[in-house]
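# Summary of the model geometry
What follows is each chain in one-letter form.
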Amino acid sequence: MATMNIIQAVNNALHLAMSRTDDLVILGEDVGKFGGVFRATVGLQEEFGEDRVIDTPLAEAGIIGAAIGMSLYGVKAVAEIQFSDFIFPAYDQIVNELAKFRYRSGGEYPCPMVIRTPVGGGIRGGHYHSQSPESVFVHHAGLVVVAPSNPYDAKGLLLAAIESDDPVMVLEPKRIYRGPDHGKNWGNHPLGQVPEDYFTVPIGKASIARELKGQGVPVTILTYGAMVHTCGKAAEMAAAEGVDVEIVDLRSLLPYDLDAIVQSAKKTGRVVVANEAPRTCGYAAEIVSLVMEHCFDWLEAPVTRVPGYDPPSPYPLEFAYLPDAGRVLKAVKDVAHYA
Amino acid sequence: MATMNIIQAVNNALHLAMSRTDDLVILGEDVGKFGGVFRATVGLQEEFGEDRVIDTPLAEAGIIGAAIGMSLYGVKAVAEIQFSDFIFPAYDQIVNELAKFRYRSGGEYPCPMVIRTPVGGGIRGGHYHSQSPESVFVHHAGLVVVAPSNPYDAKGLLLAAIESDDPVMVLEPKRIYRGPDHGKNWGNHPLGQVPEDYFTVPIGKASIARELKGQGVPVTILTYGAMVHTCGKAAEMAAAEGVDVEIVDLRSLLPYDLDAIVQSAKKTGRVVVANEAPRTCGYAAEIVSLVMEHCFDWLEAPVTRVPGYDPPSPYPLEFAYLPDAGRVLKAVKDVAHYA
Amino acid sequence: MTKAPQADTPTVSTKLMQVMTPNGKVVDKKFLASMPQEDIVRLYEAMLVQRVYDERMIKMQRQGRLGFYLACTGEEACAYGPAYALEDKDWFYPAYREPGIALWRGMPFQAWVDNMVGNCDDPVKGRQMPVHWTAREQNIVSISSPVGTQIPQATGSAYASKLRGDGAVSICFFGEGTSSEGDFHVGLNFAGVWKAPAIFFCRNNGYAISTPYEKTTATEHIALRAHGYGIRGQVVDGNDVLAVIKAVREAADWARQGKGPTLIEAKTYRLAAHSTSDDPKGYRLEKEEAMWRKRCPIKRLKIWLEKEGLWDDDKEQACIEAASDRIIAALQVAESKPHPELDTMFNEVFADVPDHLRRQHEALQAHLESGTADYQPR
Amino acid sequence: MTKAPQADTPTVSTKLMQVMTPNGKVVDKKFLASMPQEDIVRLYEAMLVQRVYDERMIKMQRQGRLGFYLACTGEEACAYGPAYALEDKDWFYPAYREPGIALWRGMPFQAWVDNMVGNCDDPVKGRQMPVHWTAREQNIVSISSPVGTQIPQATGSAYASKLRGDGAVSICFFGEGTSSEGDFHVGLNFAGVWKAPAIFFCRNNGYAISTPYEKTTATEHIALRAHGYGIRGQVVDGNDVLAVIKAVREAADWARQGKGPTLIEAKTYRLAAHSTSDDPKGYRLEKEEAMWRKRCPIKRLKIWLEKEGLWDDDKEQACIEAASDRIIAALQVAESKPHPELDTMFNEVFADVPDHLRRQHEALQAHLESGTADYQPR
Ligand SMILES: Cc1ncc(C[n+]2csc(CCOP(=O)(O)OP(=O)(O)O)c2C)c(N)n1
Ligand SMILES: Cc1ncc(C[n+]2csc(CCOP(=O)(O)OP(=O)(O)O)c2C)c(N)n1
Ligand SMILES: [Mg+2]
Ligand SMILES: [Mg+2]
């Protein structure tokens, strides 16, 4: 066991994976000599050489397109997109090509590979360094999408992604990359205790980030990524007001863990879905619909979203824009006291 | 009044709009000499010249990027993307640029323009000529998205789009482009009675495509585009089984007509949302969530989606894949008889 | 600042590489001599057969027996040439107008026809339109409709083969219209930096559907773009199958020597309509078509073969009839086969079928059994 | 097939255009003579002032007073040259490293500084990071972070001005790293076909963050890409403001004559870090930086100005001090202003605020009033 932040956990995972096979490469803008703008790939080029840790030209469509070709050929790529805000030049390659290769080729050309990209706000990046675009990838079948919230999951999910036979997008919560109290008032992001050896976290399984204490009105929060910690803080505040919160950390956005969602929703009958992405057609809408479809008779209150606001994130007003613990708390109390 | 199909209505609208100002251009692949692969722009280049009706090189990012630049300069563009399946090379220009220009420039550089693109299946196009990608555009604030279901709305909404001060995407339901019974068993798509003169249909307003008859269990269907007709057929079948269906044709996907949605949902308490796009994170999920949030206490049954299946559309199995009247009927009966 | 050119400095040649003129006159005797005569006959036959297939399929489509077809009439040399020139281990990224690659390299003929119908034996399991086949055994990558996406992918495969040191080359096909897409640029630029063993084969057939070359780009030759990526460029007569073979061989040698990619521009002409959904009458002149018909890749080879006594009208007739019978029979077989199974709609989206797709599959199954479904299985 | 070159056939010149060498030696007397001396002094002053601003701002950022900054140190000539060379009616599409365009063309200085802080008077209303300003009055289009998107947009503006026949030119700036994006390709290709009055100004400063030129592309000059679009190409010494002016003027003349776009590649060097988030020590050598410091665009002009008696140390000192005082004062003013109003988060997303955004605005308002919000207005 070692104490790691998410960046260290990612870096550690990449070192382990690269050591296990020669048919694995890392590519992206500034990932080599510089070690990535968030330093997630530091030391890898030194250890594995320029041929396997590649500083690419500045072109996301080229990064993903080339990674697809490598994967088809049998060399798996872990591509880094510097910020998820810059992934859209590769959108066609991802949703029309990567997502569909196995299906459209009758199974002849599967295309397993990994895309790592930092998501979310809280680093004063303005609206071009803060986006949370998960729903526009989840919508296109063929892509696995995971979103770790802590160093342990960041490592375990990344290694599972690299093992997977599917293309996997790993959405890394950049505002908690470096451990506790990065950002403002976001609750605790403890450094994680992470095994140094190889392990995986199963894709498609949620985890319970906070269990019911048995005191007060029970409420479920379904969330993921950095928001898990914001919700944790809200849950503490709610406890003081007689509301007992279970937090389900979805971890895997597609496939999602329907059992975990349904189990918690049926247990409490009161559900809040919290995420950072814009509300309209965001991932939270899908979760609301799933709860509607599978738990209607159990619901004591409308399933309530606490998502990001729709407009692009502003700069100095960022901390008004991002869903904070107070907003989650309000929704939790609203559903707890709904009558 | 004239009898028109959707293509003719679109063509007629473009002729009228182009005549009203010199600062309007049409551009896209094959839109000029050939008149577009669906013939929506036939005759326009002859009338308005090659400078204003432009056959572009084959590059969607170029079409949208250049159209943005024209619009910033004060020349409005109506860009055609040949199939919405091919819009993704322009995704970055649309969601990171077009959608955000007014906001990010403090209002100094608004960017009103129009993107017309055919959507949906039913023409035996396989999964690269059948997509319905509305949700991945609606999710990015700044874009107006409309989806006509008939020749009258196709003309009126397109002219409203051209008048609008916002960027507007017009999603044209290609399988009913040419009038009745195009496709298989899709219900009636009557040719429309359309005024030949200039008129607009207001953006942001739904219409009632079928009213309650007052006999049987009342059910609301919220839908748009080609599915309006599929739902019409389902409604007729349902009537025979004692279910009274109101169909709300949303017409405008963003902004959406919340009043119309809420009014109908509260009236019936039983709601089906039908659309062609893939289920997971599709537009229907947003509508379900809105009904959840605004009508919870009125609901007699879970709001039920009849969307497309998630995988890419197949070719010979297309008519198994697309939501047909039978699937809508089943959902209607399920919510009608929910207890 | 300019360095002296080195032996492995890539050059860009816009001189039309030719082995044989449209009149069958040999202008590159040395290259011709290097080609086994029986191979030339085989190539001729294959192209002729392809022409027959295309004509028959278009007729079938008109009769409503096919949903869609897209011919390579006039451009046969651009598929059969490269297919012949390269090795078994090499990888192919076709566009949609190179069936010849598959047929030459041994994709089962019936599988190709099954794909046109989308039946249960279609290699892509009825999941794509006709003409979007795949052939894993032959290292031919799955075709998709969005044009140009295959270009950076080919760069990636070429890089992977370089990393492994297996000596394979990846060749990628696309039209001159497609060369306007951003993917062209990123694919070639990455390949240049990586000195990837890739060949980018641009079929310049003058049109992108209705859009003529001069509306696609203002450059005289697509091959000139090689300058911008520091890679080799070569213009070749795309209607001269021997010249195409020569150009591809040179490019493959260059690549295998570790010197990087080549952009080949093959000048040709789309004698047919873009596809069965198109009619060129609206946008181009019969005169232009007639001029290019004279430059037909099959015709010129025939003149030469006949002169050499390697071919005659009887052989021609027999070849055409056999091809015609073959394709008609294969289509009948294809039509007699059932649709793909329902589960092909839900499996192979992911490696395993996830729960949410399993639920969708079950719902569809129940719907079909309910008797209210539009779809009737065949 | 090759046509005789015509008077208006675009040419591609990779010869480094220079007016003045790094030592201040004049190599193009004719061009120099065409420049009013007082303008040269003004240009020198402006570049010197810019250098001071950049240095001060970086310091402020280190002190935590700015969230982010990005300097143009060493590349001042690439902004001030074009800003000087073009007319009021012309349109500018900057990247993020050309503040000089705004300051030269009359964007209010305080507005530029307000943007660094994102206060209520920031022209973009605090909606973007520092360095992403806009200046409508000056025809300078809003900057966005995603690189290269402005390239096809500039083509569109150029086309619109051609359509209107107003004689304006659109100029677009981007780095050599950015020239790898697909948008570069589509933007230049469209401009070539349309003969749009556009100038594509590529600042080749050797690096894209940490990525050196040789990992960006294998071509010797970005300007060579002009071949692939049938447009003019010109390499210029980007550290020679007079040469930059000459190159841009020639390109503008060419464009205004209806002959189409030019791709200008300005060879320069990013003396600073990429931004305040970067430290170049990890990826390049001090030796290289030192070599380029000798080629500094300000230094060479100073040598010449002093020789001509147009500048001296006193003037230099006074200029630097005034600039330093000015920016420090402006930053203090900027910091004293409140944040933008809350409604800037919801308005100007659309022309009118739609209901769903109005509801979101109201919810936020209520949340802030509840006392549980993280955010505290300033
Ligand atoms: C991204 C994308 N945009 C548009 C289309 C529609 N389309 C199909 S083929 C074609 C023309 C292609 O021309 P070219 O590349 O010259 O190839 P050719 O058909 O001449 O062989 C177009 C516009 C598409 N398939 N993909
Ligand atoms: C589409 C996109 N990808 C990545 C980035 C991150 N990024 C910002 S600047 C930069 C390097 C740009 O280099 P260059 O174009 O040479 O301009 P320079 O900074 O040298 O002036 C990168 C990779 C971005 N802003 N946009
Ligand atoms: Mg073509
Ligand atoms: Mg640079």
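Attention here is on the structure that accompanies the text.

Thresholds, definitions, all that
- Position labels on residues start from 1 in each chain and follow its written sequence.
- Both sets of labels track the order of writing: A upward for chains, 1 upward for ligands.
- The predicted origin of the model limits local features to residues at a pLDDT of at least 70 and limits the giving and counting of side-chain atom pairs to 80 or more, whereas totals for whole chains, interfaces and linings rest on all residues.
- With hydrogens and water set aside, each side-chain value is computed from the structure's full complement of heavy atoms.
- Pairs of strands are assigned from DSSP output, requiring at least two bridges between the strands.
- By the criteria applied, helices consist of DSSP H or I runs no shorter than four residues and strands consist of E runs no shorter than two, each listed in order from the N terminus.
- With axes taken as lines fitted to C-alpha atoms, and helix axes fitted only over the stretch in contact, angles between N-to-C directions fall between 0 and 180 degrees.
- The contact definition used throughout considers only heavy atoms, calling two residues in contact when any of these lie within 4.5 Å.
- As a working definition, buried area equals the accessible area (1.4 Å probe) given up by two parts on being put together, with both sides summed.
- Salt-bridge detection follows one rule: a side-chain nitrogen of Lys or Arg within 4 Å of a carboxyl oxygen of Asp or Glu.
- For this analysis, a polar contact is any N or O atom pair within 3.5 Å, provided that within protein one partner can donate a hydrogen and the other can accept it, and provided that sequence-adjacent residues contribute only side-chain to side-chain pairs.
- Throughout this entry, Asp, Glu, Lys and Arg are counted as charged residues, while Ala, Val, Leu, Ile, Met, Phe, Trp, Tyr, Cys and Pro are counted as nonpolar. The remaining residues, Gly among them, count as polar.
- In this comparison the copies share one frame, found by least squares on the C-alpha atoms of residues holding pLDDT of at least 70 in both.
- Side-chain atoms within 4.5 Å link the members of a nonpolar core, which is a set of buried Ala, Val, Leu, Ile, Met, Phe, Trp, Tyr and Cys residues.
- Each residue's exposure class comes from its accessible area (1.4 Å probe, protein chains only) as a fraction of the maximum for that residue type: buried when under 20%, exposed when over 50%, partly exposed otherwise.
- Donor criterion used throughout: N, O or S atom within 2.8 Å of the metal, extended to 3.2 Å for Na, K and Ca. Water excluded; incomplete-looking sites may result.
- Any residue with a heavy atom positioned within 4 Å of a molecule or strand is treated as near that molecule or strand.
- Calculation of accessible area relied on Shrake-Rupley with a 1.4 Å probe; when residues are assessed, cover is drawn exclusively from the protein chains displayed.

### Thoughts on the sheet that holds strand E13 (residues 271-278) of chain A
Residue and element names in this part refer to chain A. With mixed pairing, five strands are arranged side by side in an open sheet as E9-E11-E10-E13-E14. The open sheet is flanked by strand E9 (207-210) and strand E14 (304-308), the only strands paired with a single partner. Direction aside, the axes of adjacent strands within the sheet are offset by 25° on average. Inspection of the sheet shows strand E10 (residues 217-223) paired to E13 by three bridges, in the parallel sense. Counterpart to threonine 220 in the pairing with E13 is valine 271.

### Details of the interface of chain B and chain A
Contact residues are listed per partner, giving 51 residues for chain B and 51 residues for chain A. Taken together, the two surfaces of chain B and chain A that pack against each other cover about 4,300 Å², and 62% of this comes from carbon and sulfur. Of all residues in chain B, B:His139, B:Cys281 and B:Met292 bury the most surface against chain A, accounting for 16% of the area lost on that side. As a salt-bridge pair, A:Glu293 and B:Arg279 come within 3.3 Å of each other at their nearest N and O atoms. At the boundary of chain B with chain A, the tally comes to 28 residue pairs in polar contact (both at pLDDT 80 or more). Where the side of chain B that touches chain A is concerned, the elements lending two or more residues are helix H4 (91-97), helix H5 (101-104), helix H6 (135-138), strand E13 (271-278) and helix H10 (283-295) of chain B. For the side of chain B that touches chain A, the leading source of residues is H10(B), giving eight residues. Taken together, the residues of the side of chain B that touches chain A sort by class into 28 nonpolar, eleven polar and twelve charged.

### Regarding the sheet that holds strand E12 (residues 252-254) of chain A
Residues and elements named next belong to chain A. Strands sit in the order E3-E2-E4-E5-E7-E6-E12 across an open sheet of seven strands; the sheet is mixed. Edge positions in the sheet fall to strand E3 (53-55) and E12, since each has one partner strand and no second. Across the sheet, the axes of successive neighbouring strands diverge by a mean angle of 20°, strand direction being ignored. In this sheet, strand E7 (residues 168-173) lies alongside strand E6 (residues 144-146) in parallel orientation, the contact comprising three bridges. Across the sheet, the residue bridging to valine 145 is methionine 169, located in E7.

### Brief notes about the relation of the copies chain B and chain A
Of the transformation superimposing chain B on chain A, the axial component is 0.0 Å and the angular component is 180°, with the fit at an RMSD of 0.0 Å. On the angle and the small slide along the axis, the relation comes out as a two-fold axis. By residue overlap, the copies meet face to face through one surface: 100% of the interface positions of chain B are interface positions in chain A.

### Remarks on the nonpolar core
For soluble globular proteins, nonpolar side chains are generally found buried alongside one another. In terms of nonpolar packing, the biggest core is built from 274 residues, with A:Ile94, A:Phe137, B:Ile94 and B:Phe137 touching the most fellow members. Leave out the neighbours within four places in its chain, and A:Phe137 touches A:Ile87, A:Phe88, A:Tyr91, A:Ile94, A:Val95, A:Leu143, A:Val145 and A:Met169. Residues D:Val52, D:Phe68, D:Trp112 and D:Ala266 belong to the second largest nonpolar core, which totals 85 residues.

### Regarding the coordination of the magnesium ion (ligand 3)
All names here are of chain C. Distances from the magnesium ion (ligand 3) to its protein donors, Glu176 (OE), Asn205 (OD1) and Tyr207 (O), fall at 2.0 to 2.2 Å. Mapped onto the sequence, the donors of the magnesium ion (ligand 3) take the spacing E-x28-N-x1-Y. In this pair, glutamate 176 sits in the loop between strand E3 (170-175) and helix H7 (182-194) while tyrosine 207 sits in strand E5 (residues 207-208), placing the two residues 31 residues apart along the sequence.

### What about the site of ligand 1?
In the vicinity of ligand 1 lie 21 residues, with B:Glu60, C:Tyr96, C:Arg97, C:Thr178 and C:Asn205 positioned nearest. With respect to ligand 1, the chains having nearby residues are chains B and C. Here an oxygen atom of ligand 1 sits 2.6 Å away from a polar atom, N or O, in the side chain of C:Arg97. Note that an oxygen atom of ligand 1 is positioned 2.7 Å from one of the side-chain N or O atoms of C:Asn205. About the coverage of ligand 1: the protein hides 96% of its 580 Å² of free accessible area. Taken together, the residues that form the shell around ligand 1 break down as eight nonpolar, seven polar and six charged.

### What about the coordination of the magnesium ion (ligand 4)?
Residue and element names in this part refer to chain D. Every protein donor of the magnesium ion (ligand 4) is accounted for by Glu176 (OE), Asn205 (OD1) and Tyr207 (O), and the metal-donor separations fall at 2.0 to 2.3 Å. Here the donor residues for the magnesium ion (ligand 4) map to a single chain with the spacing E-x28-N-x1-Y. In this pair, glutamate 176 is assigned in the loop between strand E3 (170-175) and helix H7 (182-194) and asparagine 205 in the loop between strand E4 (198-204) and strand E5 (207-208), connecting sequence segments 29 residues apart. The same class applies to glutamate 176 as to asparagine 205, namely buried.

### What about the site of ligand 2?
With respect to spatial proximity, 21 residues lie near ligand 2, and among them A:Glu60, D:Tyr96, D:Arg97, D:Thr178 and D:Tyr207 are the closest. The environment around ligand 2 is built from residues contributed by chains A and D. Between an oxygen atom of ligand 2 and a side-chain N or O atom of D:Glu176, the distance comes to 3.0 Å. Take D:Tyr207: an N or O atom from its main chain is 2.7 Å from an oxygen atom of ligand 2. About the coverage of ligand 2: the protein hides 96% of its 590 Å² of free accessible area. Tallied by class, the residues present in the shell around ligand 2 amount to eight nonpolar, seven polar and six charged.

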